[in-house]
Amino acid sequence: MSYDDQNIFAKILRGEIPNDTVYEDDHVLAFRDIQPQAPTHVLVIPKGPYVSFDDFAENASDAELAAYVRAIGKVARAEGVAPVAGGNGFRMIANAGEDGVQEVPHLHVHILGGRRIGRMVQRAET
Ligand code: AMP
């Protein structure tokens, strides 16, 4: 699957659509999900054109990979949900492709916290 530069997160990165930014550096943008599923619901995206985690893992530079992982930790700490910083915990979700039910084809990790998130996987789609 090739990268579609008309996807909504590409438009956010180009500044064509507003977003509620919580963190930004040279390689990463993190912003609040427009339809939050928990008190903390932040999306962390690389600035590069990567469709999914497997694309990113295969094609991103070491600097991009490191920045992305670090940024996820920084966001979790800043949101007060990181256990090593006294938070009550969180879940990271990265949906990929059709079976993963990925809606936006630009890699994003959801960080969900602030309430008990529940079971990891539902048996049937809802
Ligand atoms: P996924 O199903 O993993 O692709 O998740 C896509 C997520 O993007 C959903 O949780 C949407 O609520 C969220 N989303 C879609 N458009 C926007 C937007 N303009 N700003 C913030 N979040 C968005």
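Further up the page is the structure itself.
These numbers come from a predicted model, not from an experiment. (Residues numbered from 1 in each chain as written. Predicted model: local features only at pLDDT ≥ 70, side-chain atom pairs only at ≥ 80, totals over all residues. Heavy atoms only, no water.)

**With respect to the site of the ligand**
In step 1: As a structural note, the neighbourhood of the ligand is formed by 16 residues, with D33, N95, E103, H108 and H110 the closest of them.
In step 2: In this structure, a nitrogen atom belonging to the ligand sits 3.1 Å away from a main-chain N or O atom of I34.
In step 3: Between the ligand and V104 there is a distance of 3.0 Å, counted from an oxygen atom to a backbone nitrogen or oxygen.
In step 4: Protein chains bury 87% of the 500 Å² of accessible surface belonging to the ligand in isolation.
In step 5: Under a 2 Å grid-point criterion requiring more than half of the atoms, the pocket assigned to the ligand is the largest pocket.
In step 6: Elements that contribute at least two residues to the shell around the ligand include exactly α1 (8–13) and β2 (28–32).
In step 7: In terms of residue class, the shell around the ligand is made up of eight nonpolar, five polar and three charged. (Near = heavy atom within 4 Å. Polar contact = N/O pair within 3.5 Å; in protein donor to acceptor, adjacent residues only side chain to side chain. Areas by Shrake-Rupley, 256 points an atom, 1.4 Å probe, with all protein chains shown as cover. 1 Å grid on protein atoms, 1.4 Å probe; cavity = no way out; pocket = protein on both sides within 12 Å on 5 of 7 lines; lining within 4 Å. Sits in = over half its atoms within 2 Å of the grid points. Helix = DSSP H or I, 4+ residues; strand = E, 2+ residues; numbered from the N terminus. Nonpolar A, V, L, I, M, F, W, Y, C, P; charged D, E, K, R; others polar.)

**A closer look at the packing of aromatic side chains**
In step 1: Enumeration according to the criterion identifies four aromatic pairs in this entry.
In step 2: Seen from their ring centres, F56 and Y68 are 5.0 Å apart, and the 70° between their planes marks the pair as edge-to-face. Placement of the pair is F56 in helix α2 (residues 53–59) and Y68 in helix α3 (residues 62–78), with a sequence separation of 12 residues. Here F56 matches Y68 in class, with each residue buried.
In step 3: Aromatic rings pair up to connect Y50, F53, F56 and Y68 into one cluster. (Phe/Tyr/Trp six-rings, centres within 6.5 Å; stacked < 30°, edge-to-face > 60°. Buried < 20%, exposed > 50% of the residue type's maximum accessible area, 1.4 Å probe, protein only.)

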